[in-house]
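Here's the letter readout for the chains.
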Amino acid sequence: MSTPRTQIIAEPKPRRWTRKEYYKMGEMGFFDGDRVELIEGQVFEMSPIYEPHAVGVSLADDILREVFGKGWAIRIQNPLSLGEASDPEPDAAVIKGHNRDFIVKHPTTADLVIEVADSSLLHDRNHKASLYAKAGIMDYWIVNLPERRLEVHRNPVANAEAEFGFDYADKLILKEGESVAPLTKSDVMIDVVDLLPPRYEKSAP
Amino acid sequence: MATAQRHIIPESKPYRWTREEYYKMGEIGFFEDKRVELIEGEVIEMSPIYSPHTTSVTLVGEVLREIFGKGWVVREEKPLSLGINSDPEPDVALVAGKIRDFEESHPSTAALVIEVVDSSLSYDRNRKASLYAKAGIADYWVVNLQDRQIEVHRRPISDANAEFGFSYGDKMIFKEGDSVKPLAKPKASIEVSDLLPQSVSKPKEKDNA
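Predicted model only: the values in this text are computed from it and were never measured. Note on numbering: residues in each chain are counted from 1, in written sequence order. In the order they appear in the text, chains get letters beginning with A and ligands get numbers beginning with 1. At least 70 in pLDDT is required for a residue's local features to be given in this predicted model, at least 80 for side-chain atom pairs to be given and counted, and no such filter applies to totals for whole chains, interfaces and linings, which use all residues.

### Some details on the overall build of chain B
Operational definition: Counting from the N terminus, the helices are the DSSP runs of H or I reaching at least four residues and the strands are the DSSP runs of E reaching at least two. With C-beta atoms placed from the backbone, a residue is buried if 20 or more other C-beta atoms are within 10 Å of its own, exposed if 12 or fewer are, and partly exposed between those counts. Two residues form a contact once the distance between their C-beta atoms, set from the backbone, is within 7 Å.
On a plain count of helices and strands, chain B comes out with three helices and 11 strands. In chain B, buried positions account for 35% of the 209 residues. Look at the contacts in chain B between residues 6 or more apart in sequence, and 59% of them connect residues 24 or more apart.

Here it is as structure tokens:
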């Protein structure tokens, strides 16, 4: 028989940061040189860049330049300004226009976002997918290195169960040998195999 | 809009703030609007304080000062410097020494920590307990206003299931009518009812055998 008053009071909650506060912290030398990104008010450390991840990102870079060419900006591991409390740094983002367009403000959306996932798979599938869906990013791909496949997320929808209230309704899993066209360049097919690094042995930590 | 549950995904690593960064944030005015504390690298906003809470904290402070006297400092809602990533502000901390010992820096331990809890029971029983156990605080009490009892936690142990890898091996409940002896002064006896405000919204509880 608890009092109504106590039922309304919430448990202590984590402080959420705005992008302004986050950049101020960066200016003041916080983060100790670590690579970090801001996801809906929480600061996350990014994993160290192991070889397979680096190769995966470079392959995405090569393919995207080939496929998209002039009239599109390709940004690699640079920030997207998504709302007041998010500043993710996706492995690759394609935005209509030219890289010079973003001299004053980072892009606030992207036509295609690609994350290369090795150890960060769950983070990319859950936190990041919900974030990108919320931001209305129509085409979100995860290059899943451990399982050697491409996960294509489309059709952002509201979903109360998802971390930030949004998720992708359509998820396609594509394996080596299959191919997919970006939503905004539907005449060009990208082969999944071109996005995957060569098979490798995980080196001992 | 806060999410209803904590999504803990093992590989995503929330950045853990150091106390230095936390104090710098305070200096530049990040926390003007809310009371906060630093718990193992996470900045947590504290719940608002209601009067029964304040009454109880004051009662606890008075009782401890009376019992412990000289050679001890009773600090209310002041920081403890526990490790590089934690700066909690327990409701009451009993610290050996004199007030001036802590001019330069906050105490790095306490002989007894007491949290008065109205609404955040689970948080103080679990998360905070794990933090204090990790810091080696030998005697940790939760004054539970809702159930009108004191929960005494003792014997810090390592515990893989606990949030910060530690918890208390012994947990005892003392109700109104009981008394508790603090580890730092086992000859002293503290009546549970001396630490509780008069019940306000709940009907008076009967003494059950």
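### Observations regarding the overall build of chain A
Condition: Atoms considered for the radius of gyration are the C-alpha atoms alone. The globule rule reads 2.2 Å times the number of residues to the power 0.38.
Helix and strand content of chain A: five helices and 11 strands. Rg of the C-alpha trace for chain A: 18 Å, near the compact-globule value of 17 Å for 205 residues, within the 12% margin. Along the three orthogonal principal directions, the C-alpha set of chain A runs to about 60 × 40 × 40 Å. Going through the 205 residues of chain A one by one, you find that 37% of them count as buried. In chain A, 58% of the contacts between residues at least 6 apart in sequence involve partners at least 24 apart.

### Some thoughts on the pairing of strand 8 (residues 149-158) of chain A
A regular strand places its side chains on the two faces of the sheet in alternate fashion. All names here are of chain A. What counts is decided by this rule: For two strands to be treated as a pair, DSSP must find at least two bridges joining them.
Relative to strand 8, strand 7 (residues 139-144) is paired through six bridges, and the arrangement is antiparallel. The partner of N144 across the bridge, within strand 8, is R149. Following strand 7, the chain reverses through four residues before pairing antiparallel with strand 8; R148 in that reversal takes a positive phi of roughly 50°.

### Observations concerning the sheet that holds strand 9 (residues 166-175) of chain A
All names here are of chain A. To keep things clear, this is the line we draw: In this analysis, axes come from line fits to C-alpha atoms, helices being fitted only over the stretch in contact, and the angle between any two N-to-C directions falls in the range 0 to 180 degrees.
Spatially, six strands are ordered 4-5-6-7-8-9 in an open sheet, and the strand pairing comes out mixed. The strands lining the two open edges of the sheet, one partner per strand, are strand 4 (72-76) and strand 9. Strand-to-strand twist across the sheet, computed as the mean angle between neighbouring axes with direction ignored, equals 20°. Inspection of the sheet shows strand 6 (residues 112-117) paired to strand 7 by five bridges, in the parallel sense. Bridge pairing in strand 7 links I114 to W141. Contacts from helix 3 (residues 51-68) reach strand 4, strand 5 (92-96), strand 6 and strand 7 within the one sheet, and its direction differs from that of strand 4 by about 175°. Contacts between helix 4 (residues 121-134) and the sheet are confined to strand 6, strand 7, strand 8 and strand 9, with strand 9 contributing the most and set at about 130° to the helix.

### With respect to the sheet that holds strand 1 (residues 13-14) of chain B
Spatial ordering of the open sheet is given by 2(A)-3(A)-1(B), a layout of three strands whose pairing is antiparallel. In the strand order of this sheet, the two ends are held by strand 2 (36-39) of chain A together with strand 1 of chain B, each with one partner. Here two bridges tie strand 3 (residues 42-45) of chain A to strand 1 of chain B, and the two strands are oriented antiparallel to one another. What sits directly across from E45 of chain A, in strand 1 of chain B, is K13 of chain B.

### Notes on helix 2 (residues 51-68) of chain B
All names here are of chain B. Our working rule: By this rule, a helix spans an expected 1.5 Å times one less than how many residues it contains. To be clear, the arc concerns the directions from the helix axis to the C-beta atoms.
Between its terminal C-alpha atoms helix 2 stretches 26 Å, which fits the 26 Å expected from 18 residues at 1.5 Å a residue. For helix 2, the set of buried residues is S56, V57, V60, L64 and F68. End-on view of helix 2: buried residues confined to an arc of 100°, all on one side of the axis. The exposed set on the far side of helix 2, more than 90 degrees from its buried face, consists of S51 and E66.

### Topic: the nonpolar core
Keep this limit in mind: By convention the nonpolar core is taken to be a set of buried residues drawn from Ala, Val, Leu, Ile, Met, Phe, Trp, Tyr and Cys and joined through C-beta atoms within 7 Å.
Grouped together as the largest cluster of nonpolar side chains are 90 residues, with contacts concentrated most on V94 and V143 of chain A together with V143 of chain B. Once residues lying within four places of it in the same chain are set aside, the contact partners of V94 of chain A are L64, F68, W72, I74, A110, D111 and L112 of chain A.

### Here we look at unusual backbone geometry
The backbone of Q77 of chain A sits at a positive phi, close to 55°, despite the residue not being glycine. Mapping Q77 of chain A onto the fold places it in the loop between strand 4 and strand 5. Q77 of chain A gets classed as partly exposed once you count the C-beta atoms within 10 Å, which come to 16. Even without a glycine there, the phi angle at E77 of chain B is positive, about 50°. Looking at where E77 of chain B falls in the secondary structure, it is placed in the loop between strand 4 (72-76) and strand 5 (92-96).

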